[in-house]
There are 2 protein chains.
Amino acid sequence: MRRVFVPVRSKRTFEEVSSQIKKLILDGVLQPGDKLPSEGTLGKQFHVGRQTVREALRILELSGFISVQKGFGGGSVVRNNVLKRTSGLLLDALQMEKVGLKEFTAARLLIEKGILNEAIDRADGRDIRDLQRNVAESKALIKRGKFATDINVEFHSLLARASRNRVYVLFERTINDMHLDLRRRRSPNFAIDQAAVQAHEEILDALIEKDRDRANRLLEKHLLAVSKHYRRREINFLTRNGC
Amino acid sequence: MRRVFVPVRSKRTFEEVSSQIKKLILDGVLQPGDKLPSEGTLGKQFHVGRQTVREALRILELSGFISVQKGFGGGSVVRNNVLKRTSGLLLDALQMEKVGLKEFTAARLLIEKGILNEAIDRADGRDIRDLQRNVAESKALIKRGKFATDINVEFHSLLARASRNRVYVLFERTINDMHLDLRRRRSPNFAIDQAAVQAHEEILDALIEKDRDRANRLLEKHLLAVSKHYRRREINFLTRNGC
DNA sequence: TCACATTTGTCCGTATGTATC
DNA sequence: AGATACATACGGACAAATGTG
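Source: prediction; values computed, not measured. All residue numbers refer to position in the chain's written sequence, counted from 1. Whichever chain is written first is A, and whichever ligand is written first is 1; the rest continue in order. Since the coordinates come from a predicted model, pLDDT governs what is reported: local features require at least 70, and pairs of side-chain atoms require 80 or more to be given and counted, while whole-chain, interface and lining totals use all residues.

J.: What exactly am I supposed to notice about the overall build of chain A here?
T.: Each helix corresponds to a stretch of at least 4 residues labelled H or I by DSSP, and each strand to a stretch of at least 2 residues labelled E; elements are numbered beginning at the N terminus. A count of helical and extended segments in chain A gives 10 helices and two strands. As defined in this context, the radius of gyration uses C-alpha atoms, and a globule is described by 2.2 Å times the residue total to the power 0.38. Its C-alpha radius of gyration of 22 Å places chain A more than 25% over the 18 Å reference for a compact globule of 243 residues. For chain A, the C-alpha atoms occupy an extent of roughly 60 × 50 × 45 Å along the three principal directions. Every C-beta atom is placed from the backbone, and the number of other C-beta atoms within 10 Å of a residue's own sets its class: buried at 20 or more, exposed at 12 or fewer, partly exposed in between. Across the 243 residues in chain A, those meeting the buried criterion constitute 40%. Within chain A, contacts between residues separated by at least 24 positions form 68% of all contacts whose residues are at least 6 apart in sequence. Note that contacts rest on C-beta atoms placed from the backbone: two residues are in contact if these are within 7 Å.

Structure representation (structure tokens):
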């Protein structure tokens, strides 16, 4: 016998408003691109004040369900940025827990390997072309002596997309956000960008040839090299003031 | 050449307020349990109105950085619920994307296998005892003809904790939330609970004996059986109105 | 370039509900 | 029961942004 009594906690008004709107979005009644009424109009329709509406909109905005713009023709528009927003919050969560480099690397290895194996099975011509273009662009940057950090990180996002699994995409985005946060804490390093693009090229070759073992070996080597580099630099990972 | 121009977007006042408080929390200046000043006091200190403060607090509350209580002695208290909140938002994100059972199962397999392998290396006596107690309690429930869904789900959380990797813990929590959401859509099923606890017991045995191959085989069989059960029942996974 | 309308952003004053002492 | 301190909620007002004519 479980859950006979349901917890009685009276919802605050703005919570009621936000979950009503959220339900409409999840049910597909409101779709991305649809414009919500203005704050004042919403207030009248819900019979609540404008302040209440605003707090509800803040929640929906932070969750990525809507975006808000000021000015003439502005207002709230339904979006599908929930995934994007969430990865930012995940980063906060892991910062709060002061997650270390070892934990991050282990998780990254697992996720990226899973992605790679699915991508080998599922990648189509377009995926391959995008990955090749990514590597080519990165190599061009490197050749001109420029940093290729962002574009190298994007390689992994493209792989995730090729896996055709949106759960992977979400997890990978989180991992990538953590990674970018890590990169941001150190001075740009050309050698690591150079090594990364070379590794990516080799991994992509193995993927195209569907050589699973080689691809996994290369990926593991690549990720461990990156991790080792951070450890050598003694980066305080995911902490702000070194504590 | 990338990112020469940095996006200029003037922060709204409530965003400025919330990120200042958030930074204090992440830096450890404000710690869980600390009480924030009242909304009015905060407004005076930041030189902003109370509504602005309230919108900032809404953001922090949704993110899990604070909790707010009404009444005498109430107010905002610093918390560490970020991880907990985030998994709820992840669920929203995946609902929004209408993720299917196949994607869910693939991701679940990957994460849980990773967790199991780390747990085999890292679980200490206390972890083992907790897992054993979980299985024993579940078996007792089953024996008395009662459902053991919640406690069976908890088995996987305990495994995640034993992996000593908080990134895994977070991902596993997300997977578990999705799973519970799935279970909630169907009538309780005794057979699946019964099969699950048996699988858990076998997996735990293999874990204690550090028999990696057997543990992985058993886990895969267990998770695929669960997935198969849902597919047979033609559950509309992670969608609300069957579309 | 200059109003103008619309909508969000922000502030203030006030009243109510709620939980603790 | 009453006083207190706080969040919650409402309505009014003005500022700022933004597109239109």
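Structure shown, so let's carry the discussion forward.
J.: What should I look at first to understand the domain arrangement of chain A in this one?
T.: By a frequent convention, interface size equals the accessible area lost on bringing the separate parts together. Assigned domains of chain A: these are domain 1 (13-80) and domain 2 (86-232). For the domains described, the bounds stem from an automatic or database domain assignment. Between the C-alpha centres of domain 1 of chain A and domain 2 of chain A the distance comes to 36 Å.

J.: So what exactly am I meant to see when it comes to the protein's contact with DNA strand D here?
T.: Each residue gets a C-beta atom placed from its backbone. If that atom is within 6 Å of a molecule or strand, the residue is near it. Close to DNA strand D lie 23 residues, the nearest being A:Thr13, A:Gly49, A:Thr52, A:Gly71 and A:Phe72. Among the secondary structure elements, those contributing two or more residues to the surface near DNA strand D are α1 (13-26) and α3 (50-63) of chain A together with α2 (39-46) and β2 (75-78) of chain B. Here the surface near DNA strand D takes three residues from α3(A), the largest share from any one element. Gly counts as polar in this scheme, as do all residues outside two lists: the nonpolar Ala, Val, Leu, Ile, Met, Phe, Trp, Tyr, Cys and Pro, and the charged Asp, Glu, Lys and Arg. Of the residues belonging to the surface near DNA strand D, the class tally is five nonpolar, 13 polar and five charged.

J.: I keep staring at the packing of helix α5 (residues 101-122) of chain B against helix α7 (residues 149-162) of chain B and nothing clicks. Help me out?
T.: All names here are of chain B. The axes used here are C-alpha line fits, helices contributing only the stretch in contact, and every angle between their N-to-C directions lies in the interval 0 to 180 degrees. Running from N to C, α5 and α7 cross one another at 55°; their axes reach a closest spacing of 7 Å. Considering their axes alone, α5 and α7 lie oblique with respect to each other. α7 is crossed by α5, and the crossing has left-handed handedness. Contacts between α5 and α7 involve Glu112, Ile115, Leu116, Ala119 and Arg122 on the former and, on the latter, His156, Leu159, Ala160 and Ala162. Orientation is classified from the angle alone, with under 35 degrees giving roughly parallel, over 145 giving roughly antiparallel, 65 to 115 giving roughly perpendicular, and any other angle giving oblique. Handedness of a crossing is defined here by the sense of rotation of the near helix relative to the far one, left-handed for an anticlockwise turn of less than a right angle and right-handed for a clockwise turn.

J.: When you look at the interface of chain B and chain A in this model, what are you seeing that I'm missing?
T.: Listed by partner, the interface residues are 43 residues for chain B and 42 residues for chain A. The set of elements that each furnish at least two residues to the side of chain B that touches chain A consists of α3 (50-63), α4 (82-96), α5 and α8 (166-184) of chain B. Broken down by element, the residue count for the side of chain B that touches chain A peaks at 10 residues, all from α4(B).

J.: How should I be thinking about the packing of α2(B) against α3(B) in this particular structure?
T.: All names here are of chain B. Following both chains from N to C, one finds α2 and α3 inclined at 105°, their axes separated by 8 Å at the closest point. One element, α2, and the other, α3, form an angle in the roughly perpendicular class. Listed contacts from α3 to Glu39, Gly40, Leu42 and Gly43 of α2 are Arg50, Val53 and Arg54. Taken together, the residues that form the contact of α2 with α3 break down as two nonpolar, two polar and three charged.

J.: I'm lost on the confidence of the model for chain A in this one. Help?
T.: In regions of low pLDDT, the predicted coordinates are not meant to be interpreted in detail. pLDDT expresses how confident the predictor is about each individual residue, on a scale running from 0 to 100. Scored by pLDDT, chain A comes out at a mean of 89, with 91% of its residues at no less than 70. Averaged pLDDT values for the elements of chain A fall to 83 in helix α4 (residues 82-96) of chain A and rise to 97 in helix α6 (residues 125-143) of chain A.

J.: Looking at this structure, I do not really get the relation of the copies chain B and chain A. What am I missing?
T.: The operation relating the two chain copies consists of a rotation about an axis and a shift along that axis. Fitting of the copies onto one another was done by least squares over C-alpha atoms, counting residues only where both copies have pLDDT of at least 70. Under the fitted operation, chain B is carried onto chain A by 0.1 Å of movement along the axis and a turn of 180°, and the coordinates agree to an RMSD of 0.3 Å. Here the two chains are linked by the operation of a two-fold rotation axis. Relative to the rotation axis, the C-alpha of B:Glu55 is the closest in chain B, positioned 3.0 Å from it. A high fraction, 95%, of the interface residues of chain B reappear at the interface in chain A, so the copies pair face to face through one surface.

J.: Would you mind showing me how to read the environment of A:Phe171 here?
T.: Topologically, A:Phe171 is positioned in helix α8 (residues 166-184). A sequence separation of 64 residues divides A:Phe171 from A:Ala107, and the C-alpha atoms of the two residues are 9.7 Å apart. Look past the residues within four positions of A:Phe171 in its chain and what remains in contact with it is A:Ile111 and B:Phe171.

J.: Any chance you could explain the pairing of strand β1 (residues 66-69) of chain A here in plain terms?
T.: Each regular strand carries side chains that alternate between the two faces of the sheet. Residues and elements named next belong to chain A. Two strands are said to pair when DSSP picks up at least two bridges between them. Sheet topology places β1 next to strand β2 (residues 75-78); four bridges connect them, and they run antiparallel. In the sheet register, glutamine 69 faces β2, and the bridge partner there is glycine 75. Between the end of β1 and the start of β2, which pair antiparallel, lie five residues, with glycine 71 showing a positive phi angle near 85°.

J.: Quick question: what am I supposed to make of the protein's contact with DNA strand C here?
T.: Around DNA strand C sit 22 residues in total, of which B:Thr13, B:Gly49, B:Thr52, B:Gly71 and B:Phe72 are the nearest. Every element with two or more residues in the surface near DNA strand C is listed here: α2 (39-46) and β2 of chain A together with α1 (13-26) and α3 of chain B. For the surface near DNA strand C, the residue count by class is five nonpolar, 12 polar and five charged.

J.: Looking at this structure, how should I read unusual backbone geometry?
T.: Note: most peptide bonds trans; most residues except glycine with negative phi. Despite not being glycine, A:Arg164 shows a phi value in the positive range, around 60°. With respect to the helices and strands, A:Arg164 occurs in the loop between α7 (149-162) and α8. A positive phi is found at B:Lys98, a non-glycine position, where the angle reads about 50°. The residue B:Lys98 is located in the loop between α4 and α5 in this model. B:Lys98 gets classed as partly exposed once you count the C-beta atoms within 10 Å, which come to 15.

J.: Explain α8(B) here, please?
T.: The periodicity of an α-helix, 3.6 residues per turn, causes residues three or four positions apart to be oriented the same way. For α8(B), with 19 residues, the first-to-last C-alpha span of 26 Å sits near the 27 Å given by 1.5 Å per residue. Within the span of α8(B), buried status applies to B:Arg166, B:Val167, B:Tyr168, B:Val169, B:Leu170, B:Phe171, B:Glu172, B:Arg173, B:Thr174, B:Ile175, B:Met178 and B:Arg183. Buried positions along α8(B) lie against α4, α5 (101-122) and α8 of chain A together with α4, α5 and α7 of chain B. Between the first and last residue of a helix there are one fewer steps than residues, each counted as 1.5 Å, and that sum is the expected span.

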